[in-house]
Amino acid sequence: MTGSLVAFAVGRFGSAWLMRFVSPGRLMGIYSAANVVLVTIGVTHPGWLGMWALFLTSFFMSLMFPTIFAMGLRGLGEDTKLGGSLLVMAIVGGAVLTPFMGLLSLRSLATAYLVPLGCYLFIMLYSFVGARVLRNQN
């Protein structure tokens, strides 16, 4: 757990530095693609390799919420407060998906990681496609 938190912190500070050179949406897309690969390794190779792959996801997960939050508020104008409130309330998705992941873990822990894999795929799609579509509409 401590190592995961250290990886998260290193990822957060490293990402802040990288955002000077790479747009936040593009960096989040790259990070979510890395997590898709890492979680796929974790699902298909349970054991030490899978464990280390899942450990590394903490590094790449570090910039996701603040970047999703900032990108989600972009261009809302006077609706920014409402948008911010809805984004904070959307965190309840973690409370909804966690019991589903627990249910899948009864079959196998590796199978349960298909839930975050789906989430990372969605974030990757938002980063590379959805954010660009929304930006072009404004």
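Given the structure is predicted, the values throughout are model-derived calculations rather than measurements.

1. Digging into the overall build of the chain
- In terms of regular secondary structure, the chain is built from eight helices and zero strands.
- When the helices and strands of the chain are read in sequence order from the N terminus, they spell out α-α-α-α-α-α-α-α.
- Rg of the C-alpha trace for the chain: 16 Å, near the compact-globule value of 14 Å for 138 residues, within the 12% margin.
- Burial analysis of the chain (138 residues in total) assigns 30% to the buried set.

2. Focus on the environment of serine 127
- You can see serine 127 is positioned in helix α8 (residues 114-137).
- The class of serine 127 is buried, set by a relative accessible area of 7%.
- Contact partners of serine 127, with chain neighbours within four places excluded, come to Gly25, Met28, Gly29 and Ser32.
- Of the polar contacts made by the side chain of serine 127, one reaches the backbone oxygen of isoleucine 123; its length is 2.8 Å.

3. Considerations on the packing of aromatic side chains
- Taken as a whole, this structure holds six aromatic pairs when the rule is applied.
- Aromatic side chains phenylalanine 59 and phenylalanine 60 sit 4.9 Å apart centroid to centroid with 85° between the ring planes, which places their arrangement in the edge-to-face category.
- Residue classification places phenylalanine 59 among the partly exposed residues on the basis of a relative accessible area of 23%.

4. Brief notes about the nonpolar core
- Met28, Tyr31, Val39, Phe60, Met64, Tyr120 and Ile123 are the most contacted members of the largest nonpolar core, which has 18 residues in total.
- Broken down by element, the residue count for this core peaks at eight residues, all from helix α2 (residues 24-44).
- The residues contacting tyrosine 31, other than those within four sequence positions of it, are Ser15, Leu18, Phe59, Phe60, Leu63 and Met64.

5. What to know about a nonpolar patch on the surface
- On the surface, Trp48, Met51 and Trp52 cluster together to form a nonpolar patch covering roughly 400 Å² of accessible area.
- Along the chain, tryptophan 48 falls in helix α3 (residues 48-61).
- The exposure class assigned to tryptophan 48 is exposed, which follows from its relative accessible area of 67%.

6. Here we look at the packing of α2 against helix α4 (residues 64-73)
- The interhelical angle for the contact between α2 and α4, taken along N-to-C directions, is 140°, at an axis separation of 10 Å. On the basis of the axis angle, α2 is oblique to α4. For the pair α2 and α4, the sense of crossing is left-handed. For the pair α2 and α4, the contacting residues are Pro24, Gly25, Met28, Tyr31, Ser32 and Asn35 in the first and Met64, Thr67, Ile68 and Met71 in the second.

Conventions and cut-offs
Residues numbered from 1 in each chain as written. Predicted model: local features only at pLDDT ≥ 70, side-chain atom pairs only at ≥ 80, totals over all residues. Heavy atoms only, no water. Helix = DSSP H or I, 4+ residues; strand = E, 2+ residues; numbered from the N terminus. Rg over C-alpha atoms; globule rule 2.2 N^0.38 Å. Buried < 20%, exposed > 50% of the residue type's maximum accessible area, 1.4 Å probe, protein only. Contact = heavy atoms within 4.5 Å. Polar contact = N/O pair within 3.5 Å; in protein donor to acceptor, adjacent residues only side chain to side chain. Phe/Tyr/Trp six-rings, centres within 6.5 Å; stacked < 30°, edge-to-face > 60°. Core = buried A, V, L, I, M, F, W, Y, C linked by side-chain atoms within 4.5 Å. Patch = residues over 30% accessible without salt bridge, like charges linked within 9 Å, V, L, I, M, F, W, Y side chains within 5 Å. Areas by Shrake-Rupley, 256 points an atom, 1.4 Å probe, with all protein chains shown as cover. Salt bridge = Lys/Arg side-chain N within 4 Å of Asp/Glu carboxyl O. Axes fitted to C-alpha atoms, helices over the stretch in contact; angles between N-to-C directions. Parallel < 35°, antiparallel > 145°, perpendicular 65-115°, else oblique. Left-handed = near helix turned anticlockwise from the far one by under 90°.

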